[in-house]
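# A closer look at the structure
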Amino acid sequence: MRIGIDLLWVRVGKCGGTESYIRNLLDGFAAFDTINQYVLFTAKDHADSFRKYEKNPRMHIQVCRVQSQHPVNRVLWENRYLDEAAVRCKTDMMFIPVYSKPRSRSGIPYVSVIHDLQALHYPQYFSVIKRLFLKYAWKHTISTSDKVVAVSKYGRRDLVLHYPLAKEKVITIYIPIITRQADLPPEAVERKYQIKRKEYFYCVSSMLPHKNLDTLLQVMRDFKNGEEPVGMKLVISGVGGQEEKLRCRLKEYGIADRVVLTGYVSDEERNCLYENCRLFLFPSVFEGFGMPPIEAMRMGKRVVMTKKTCLEEVTRSQAVYVEHPFSKDEWMKKIQYAMNLKEEKISFERYGLYEIIQQYLTVFADLGPKPEVDNKMLVYEKIYDAVANNYQKANMRFEYEKTTYLCGIREHPQVIDLAGFTGLDNPGFYQAVFQAVYKRLPGKKEYEKWRGSFDMKIPEFQKKLLKEISASSFVAINHIRLKNNPYFHQRRNVKSRMTGVLYGLTDKPSLRKLGKRMPQPVQTMIKKVLL
């Protein structure tokens, strides 16, 4: 199936959690979907930020004649041209990761995501025109999408409450969260922001009023006056909202020297700030999901936060919660309590990338074109399952992977269709290609030779392996053809065919037999060079 993904709305570094969400999903589709093809519809001004996905042979970037930095023009272009572009690119389905689903006439199924209904709960943050547009966009998205994804159970309830039509269409799929160890040394952020490890609280948030940052500033003001906790600073990372108003409050409260506003930070800096903070604070009173508290807890940090909207749901009651979000006194007590708790990493496996990707792939498969059932392959799957079960009953490990087995029986023995191989990880790809060529699993020495290359990027590893195997004498002798090779064309000219013939004559009896039929000078050359 060929799936189109609308990325025109992404304004690099300005979309906060929604940008992290879609980039995590793209990483997951690239890593774990071995079947579908993807067309990424990007804008002219941000296409380069998605170029890395072109290294995956199943992903293609389609640059559209629009710029993400001009929202009005972008929305107009989407509604007028995106569906037509999807038809030209032969997509079987469109995935819209935000609320602005375009008008469509093609009949292509659409899966859309609505993260929250913030404008209904906090209309004061939006202009009249923006509120009217959002209400129209939500209603249009719900009524015309084949499936709507909410990113939390709270979000689903909220959608159904305000748009009853959504009840039959909306499903809950949580946001995938990827956490990585910081690549930066602590000294890098200490020098940059004039802080010391374990001597600052951290918060990742935009500057909008519903994020409730003013309450945190009041807490820092009173902590200073009471001199407890001594020397603690507050570091806030985020973009958007009323930053100037927040800076005025810092001066008003007399805490400008104890609060650091970093603005937008890279993932490396953010991870470093997570790892070295004393506590993570999250005062928001409205979220569609809320990624930062989960990221902090995955890194072992204690989190003090509110219970509002979906926050207790998605954090699984693992944080220290403030019952009254605007009470600075309660915040101070909960912070002092949390500072005495030991750090503890919480995995939150339900937000793992693989788990979330499988849920999306299930939705796509249910709505997409239904492939014809290959009864032959079903028979082979049953054969594999029976053999694997026998090994398991005998307490033995069956080293022959199922994907390797199924890849190796699809074609004629001398034709290897790589279309079914390229989505595998490096060890799986090596085993599948080796078995398809040599009709056996790699031995210990052969496996050890390539194991050191398994850490390479998938396209680089696959190209390296295929080049070596396609140039081998075994491939030449047996006239093996690599079909659908995305990396290079396998030469089948006279020289390569003759190479196969000569490789087939490397045993001495065959060469002597050939030499007897040749002129004397040729016989002499064969004896000197080959025998």
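Attention in this report is confined to the structure presented alongside it.

Basis of the calculations
Residues numbered from 1 in each chain as written. Predicted model: local features only at pLDDT ≥ 70, side-chain atom pairs only at ≥ 80, totals over all residues. Heavy atoms only, no water. Pairing = 2+ DSSP bridges. Helix = DSSP H or I, 4+ residues; strand = E, 2+ residues; numbered from the N terminus. Axes fitted to C-alpha atoms, helices over the stretch in contact; angles between N-to-C directions. Patch = residues over 30% accessible without salt bridge, like charges linked within 9 Å, V, L, I, M, F, W, Y side chains within 5 Å. Areas by Shrake-Rupley, 256 points an atom, 1.4 Å probe, with all protein chains shown as cover. Salt bridge = Lys/Arg side-chain N within 4 Å of Asp/Glu carboxyl O. Buried < 20%, exposed > 50% of the residue type's maximum accessible area, 1.4 Å probe, protein only. Arc of directions from axis to C-beta. Contact = heavy atoms within 4.5 Å.

Within the open sheet, the six strands sit side by side as β10-β9-β8-β11-β12-β13. Their pairing is parallel. Each edge of the open sheet is held by one strand with a lone partner, namely β10 (259-263) and β13 (320-322). Geometrically, the sheet is characterised by an average inter-axis angle of 25 degrees between neighbouring strands, direction not taken into account. Direction of pairing for strand β11 (residues 279-282) relative to strand β12 (residues 303-306): parallel, over a ladder of three bridges. Across the sheet, the residue bridging to Phe280 is Val303, located in β12.

This part takes up a nonpolar patch on the surface. Residues Val379, Ile383, Val387, Tyr391 and Met396 make up a contiguous nonpolar surface patch of roughly 410 Å² in combined accessible area. On the secondary structure map, Ile383 appears in helix α14 (residues 375-393). Overall, Ile383 belongs to the partly exposed group, its relative accessible area being 40%.

Turning our eyes to something else, we now look at helix α5 (residues 153-162). Listed in full, the buried residues belonging to α5 are Tyr154, Gly155, Asp158 and Leu159. For α5, the angular spread of the buried residues around the axis is 135 degrees, confining them to a single face. Looking at α5, the residues exposed on the side facing more than 90 degrees away from the buried face are Arg157 and Leu161. Looking at the buried side of α5, the elements it contacts are β5 (110-114), α3 (118-121), α4 (128-144), β6 (147-150), β7 (170-172) and α11 (311-314).

Strands sit in the order β3-β2-β1-β4-β5-β6-β7 across an open sheet of seven strands; the sheet is parallel. Every other strand in the sheet has two partners, leaving β3 (59-64) and β7 as the edge strands with one partner each. Pairs of neighbouring strands in the sheet enclose a mean axial angle of 25 degrees, with direction left out of account. Sheet analysis places strand β4 (residues 93-96) next to β5, joined by three bridges and oriented parallel. When the sheet's bridge partners are listed, Ile96 is paired in β5 with Ser112. Of the strands in this sheet, β1 (2-6), β2 (37-43), β3, β4 and β5 touch helix α2 (residues 71-88), which is tilted by about 150 degrees from β2.

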